[in-house]
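# Commentary on secondary and tertiary structure
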Amino acid sequence: LFILTAVIGVQNRVFNEKETNIRSDLPLPPEAVLLQRPEILQEIDNKFKKQKGIGTVTLVGIGGAGKTVLAHQYAHKQKANVILKVNAETQGSLIASFENLASVLATTPEQKKELHLLRKNHNEAQREESLFLFVKQRLKSRPHWLLIYDNVEKFADIQHYFPLDSSTWGQGKVLLTTKNKNIENNVYFRNIIEIKELNQKQKLLLFTKF
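A brief report on the enclosed structure follows. Note that the coordinates shown come from a computational prediction; the quantities given were computed from them, not determined experimentally.

About the cut-offs
- Residues numbered from 1 in each chain as written.
- Predicted model: local features only at pLDDT ≥ 70, side-chain atom pairs only at ≥ 80, totals over all residues.
- Heavy atoms only, no water.
- Helix = DSSP H or I, 4+ residues; strand = E, 2+ residues; numbered from the N terminus.
- Contact = heavy atoms within 4.5 Å.
- Buried < 20%, exposed > 50% of the residue type's maximum accessible area, 1.4 Å probe, protein only.
- Arc of directions from axis to C-beta.
- Axes fitted to C-alpha atoms, helices over the stretch in contact; angles between N-to-C directions.
- Parallel < 35°, antiparallel > 145°, perpendicular 65-115°, else oblique.
- Left-handed = near helix turned anticlockwise from the far one by under 90°.

## Examining the side chain of Asn191
- Structurally, Asn191 can be placed in the loop between strand S5 (172-178) and strand S6 (192-194).
- Residues in contact with Asn191, not counting those within four places in the same chain, are Lys47, Gln51, Thr56, Val57 and Thr58.

If you want it as structure tokens, here you go:
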């Protein structure tokens, strides 16, 4: 009876971990002033459908073109139980994001204890690497996740923290936003969508919403 109860407990813990929805706060403007751009959301979806393992789609455009809002809109329409955002603007914000991801992905008492022990390491470089590996392991156990890497400047700045290998990260999607058009020269980014300035019709529609 004890063995049976223990087995059921483990099964329930695994089930609950997989069923728990984990999502970053992804704010959107109020519906009354939100410009709908369904054609771009559909294009994002189409590009992801053509990829296996880890799919990557990059939104490129000038500041204020609406890249982040589009990324948030796309994420809100997804059913993945893990949807998280990484602030990739600076090395510091990137590392801070992964530290936060480690916290939200630690959903069981065992994982929270492991995370607590990792954070007690006084060697900063080792602690950061351990937390990064912890995030990768947790994501691998929750396939079909979605990560948003927002405001990427250069790929070299984020390469170590970027999902490239599904054997270590598991299966999922990465939606990246950047102002750097040169990122299209990188071999890892072949699914690029240029987010252009609003045309006159869109500007008028947005103006009338206010």
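Read on for the rest.
## Description of unusual backbone geometry
- Positioned with a positive phi, His144 is a non-glycine residue whose angle comes to about 70°.
- Here His144 shows up in the loop between helix H6 (124-140) and strand S4 (145-152).

## Side note on helix H3 (residues 67-76)
- Buried residues dominate H3, accounting for seven of its ten residues.
- Among the residues making up H3, those that are buried are Lys67, Leu70, Ala71, His72, Gln73, Tyr74 and Ala75.
- Residues of H3 that are buried in the fold lie against strand S1 (22-23), helix H2 (38-49), strand S2 (54-60), strand S3 (82-87), S4 and S5.

## A few points about helix H5 (residues 109-119)
- Burial in H5 covers these residues: Gln111, Leu115 and Leu118. In an axial view of H5, the angular spread of the buried residues amounts to 60°, which keeps them on one side of the axis. With respect to the buried face of H5, the exposed residues turned more than 90 degrees away are Pro109, Lys113, His116 and Leu117.

## Remarks on the packing of H2 against H3
- Orientation of H2 relative to H3, taken along the N-to-C sense of each, is 65°, at an axis distance of 10 Å. The angle between H2 and H3 places the two elements in the roughly perpendicular class. Seen from above, H2 lies across H3 with right-handed handedness. In contact with Ile40, Leu41, Ile44, Asp45 and Phe48 of H2, H3 contributes Leu70, Gln73 and Tyr74.

## Observations concerning the environment of Asp45
- Relative to the elements of secondary structure, Asp45 occurs in helix H2.
- In this structure, the C-alpha to C-alpha distance between Asp45 and Tyr74, residues 29 residues apart in sequence, is 8.4 Å.

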